[in-house]
Amino acid sequence: MARALALVTALAQLRAADAAAAVHVEARPNPIYSTVTQKLRLKGFGFGAAGTGEHLNLQFVPAMAKTDYKVQVLSDTALSINLVAGKSWPLASDEGTDLYLSSLIDDRKGAMNQLEGPVVIGRVIPTPTVMHGGEKVIYMTGTTRFNINGTGFRAKTMELIFDPPLEKDVDYMLNTRSSTHMQLMLRSGKKWRKDGEPGPLKLRRIDTGAGDLRIDAKYGGVTVAEVQVDLGAHGVTVESAADHKLYQGDPELTVRGSGFNNTISLNTLKWGNSLRGKGVNYTITKASGSALTLSLKPGSVWRSNPANLPGPLKLLAVNAGVGLVPVGPTEAKKGRTVATVFEDPAITANPQQTVYQTHTHELWVTGRGFTRGAYGTKLDFDPPLQVGIDYVMMVFNRTHLLISLLDGRKWAPNTGILRVVGVDTGAGAFKRFQPVAVAHVASDADDHPSGLTVARTASQILYQTAAIRKLEIQGSSFCQRPALTFQPPLTDGVDYSITRATSEKLSLTLKPHKKWRYEAGPLYLTSIQCGSDAPVELAYGQGIVVATVLADPTIEASERKIYATHTKRLIVQGSGFSLDGTELTLRPTSRSSYEVESVEMAEMVLILKEGKSWAPAKTKDDGKPVSIYVTKIDTGAGEVVMEDDGAIVARVFPDPSGAVCDDSCEWALDGVCDDGSAGEDREVFDDDYGGVFGDDDDYYGGY
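Reference entry: report on the structure contained in this document.

## Some thoughts on the pattern of salt bridges
Logical step 1: Under the defined criterion, the tally for this structure stands at 17 salt bridges.
Logical step 2: For the salt bridge of Glu159 with Lys168, the shortest nitrogen-to-oxygen distance reads 4.0 Å.
Logical step 3: For Arg481, the salt bridge goes to Asp492, with nearest N and O atoms at 3.6 Å. Taken together, the residues span a long stretch of sequence, with Arg481 in the loop between β37 (471-476) and β38 (483-487) and Asp492 in the loop between β38 and β39 (496-501) at a distance of eleven residues.
Logical step 4: A residue is classified by how much of its surface remains accessible, and Arg481, at 54% relative accessible area, is exposed.
Logical step 5: A single salt-bridge network, built from bridges that share partners, covers Asp250, Asp344 and Arg432.

## Overview of the pairing of β38
Logical step 1: Burial along β38 is one-sided: Leu484 and Phe486 are buried, and none of Ala483, Thr485 and Gln487, which face the opposite way, are.
Logical step 2: Bridge analysis of β38 against strand β41 (residues 521-529) gives five bridges, and the strand direction is antiparallel. In the strand pairing of β41, Ala483 is matched with Gln529.

## Observations concerning the environment of Thr157
Logical step 1: Note on placement: Thr157 falls in the loop between β11 (145-151) and β12 (159-163).
Logical step 2: Judged by its relative accessible area of 34%, Thr157 falls in the partly exposed class.
Logical step 3: Residues Thr157 and Asp207 lie 50 residues apart in sequence; the distance between their C-alpha atoms is 7.5 Å.
Logical step 4: Within the local environment of Thr157, its side chain forms a polar contact with the side chain of Arg154, the two groups lying 3.3 Å apart.
Logical step 5: Of the polar contacts made by the side chain of Thr157, one reaches the backbone oxygen of Thr208; its length is 2.8 Å.

## Focus: the environment of Gly279
Logical step 1: One can find Gly279 in the loop between β21 (268-271) and β22 (282-287).
Logical step 2: A residue is classified by how much of its surface remains accessible, and Gly279, at 29% relative accessible area, is partly exposed.
Logical step 3: Separated by 16 residues in sequence, Gly279 and Ser295 place their C-alpha atoms 9.1 Å apart.

## With respect to the state of the cysteines
Logical step 1: Counted under the stated rule, the structure contains one disulfide.
Logical step 2: Between the sulfur atoms of Cys479 and its disulfide mate Cys530 the distance is 2.2 Å. Judged by the sign of its S-S torsion, about -95 degrees, the bond between Cys479 and Cys530 is left-handed. Note that Cys479 is positioned in the loop between β37 and β38 and Cys530 in the loop between β41 and β42 (536-537), a separation of 51 residues in sequence.
Logical step 3: When its relative accessible area of 17% is taken as the criterion, Cys530 is described as buried.

Definitions and cut-offs
Residues numbered from 1 in each chain as written. Predicted model: local features only at pLDDT ≥ 70, side-chain atom pairs only at ≥ 80, totals over all residues. Heavy atoms only, no water. Salt bridge = Lys/Arg side-chain N within 4 Å of Asp/Glu carboxyl O. Helix = DSSP H or I, 4+ residues; strand = E, 2+ residues; numbered from the N terminus. Buried < 20%, exposed > 50% of the residue type's maximum accessible area, 1.4 Å probe, protein only. Pairing = 2+ DSSP bridges. Polar contact = N/O pair within 3.5 Å; in protein donor to acceptor, adjacent residues only side chain to side chain. Disulfide = S-S within 2.5 Å.

As structure tokens, then:
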């Protein structure tokens, strides 16, 4: 009896084990892309009724976090594993990684592994990427081979679809040299473009083993090369010369390259603007195989619309006698930049404007064509004045600039006319410039008989309200309790108090919640009165500048989304920023991680340095966003500490897993990291880590 009970118990245990191992999964070693294959479908039996699959717990080798995928039961014989957006299948090697399902537990059947045994469910391979090659020029038959660079290339399984079509092993041979480099070799008697017309050669699809992937479908594929007609009778090249600078009306321009016709009349040029030859806007006056000399027609300009200058002069195509030949990428009118064109500068005469030799602090100069930033404007004066020694200059826009006399300097050694005799806005000294009178220099007012004088201290910089520094007035023969008259007006005891007075210095302290000026600008002391004596007017009542008041800087709070390294630029907005230089203190981003690219009065652009991150590694490893704060700002009058923890200007997210950062798309060389990480099932993708397109683009959108 006992032996019979034992046998029954053993049989029950075997049946229980069989029940626990009731799920069968078919092996599926087919390739899948690491980031863009969105679904992995398993076949077998024992999955149960269709549903969400929340009751199933899966384990993989290599491991996958449960947050990376979702499970859906399609039927008892089909199961779907869906990749979460922004996640990727585990990839341990560029050669590919076998993904195993090692355990499947149905919570409704117990806590035991119900899978018969580990089974391979896919082979994960890198998602291929292709670099834009629009600047690469190849010739129709003269170029026998060219390279395509990217990532994820595989030697054994590579299929490419081009536009215009090219057939592998018929039109070309393919040699995959590495995972980042493949070479195409033209077969004898074939052309890179079957239609024989010059233009872009585009790669529309690529298959490295896991199926065709669309490449930049919005633009018909990624341009891997620009095909031009063969050199010889009609081969022309043009050298890029963006560093060659000229003014709008400069009389002559030289275009250099090769393949030009030695006969002047047989050369025709096509431009990216409305420029026309044959005497309409210019005439070709000299021609050789390597250079063309163009002479501008009087009254014409190389580029119009001065508000958009400085800007490139683009040459799109050249006809050297046998038809137009594109000289650069034909898409989007890229062409070749043969010069950078600047507006013809001019200065407005203003001889009636009076400045006193030392008492006048500022001189406004108006005109056109002024530049700042990368180029800058230089002026030559008569009598001579030296920038940085006698004056500093701030260009506000293309028509207005402000010259400020430095302390202890003079506008001129003697009275008379102050002229601008030369100007350079970036393209060298403007040769057609004629001297212009911009002011009349008059003598300073005589010192008062009492000996009272006030020194011009425009270099004393104060904020409107920030009580970082006191206002100090320097001079001679001051009394103990003088009555001061300012412009704009300030009232003693209401706006400020005199905290210290000697015969040579007065120290003034701003009252709480008051301002030295309600708008940024110079603060003038126009008169001083001691006791019952008559007020002593300064500089004929015009006043002497005793301080330069800067606007209180502010930071506009923003929680804009950026990525740790893929976002290359951070825009900080606010008010009161100084064009001469503004410094921010960020937390937690270190100053060594970025540079200040540009400063406007209400906006600063910070650019991330190569190899740096907006957030330190230890603060972003947990995957949570990190806030960036501006804690201090200095626009020239000292550091202003922001209230509380500072002003938030961005939230830093970890770089998306599997995303590709590449500045090689239609907007290449803009310093923006172009992301093509969206899959085919997503309706939007993030092109520049901060904005989205809604064109239902594909994985390679933006390349």
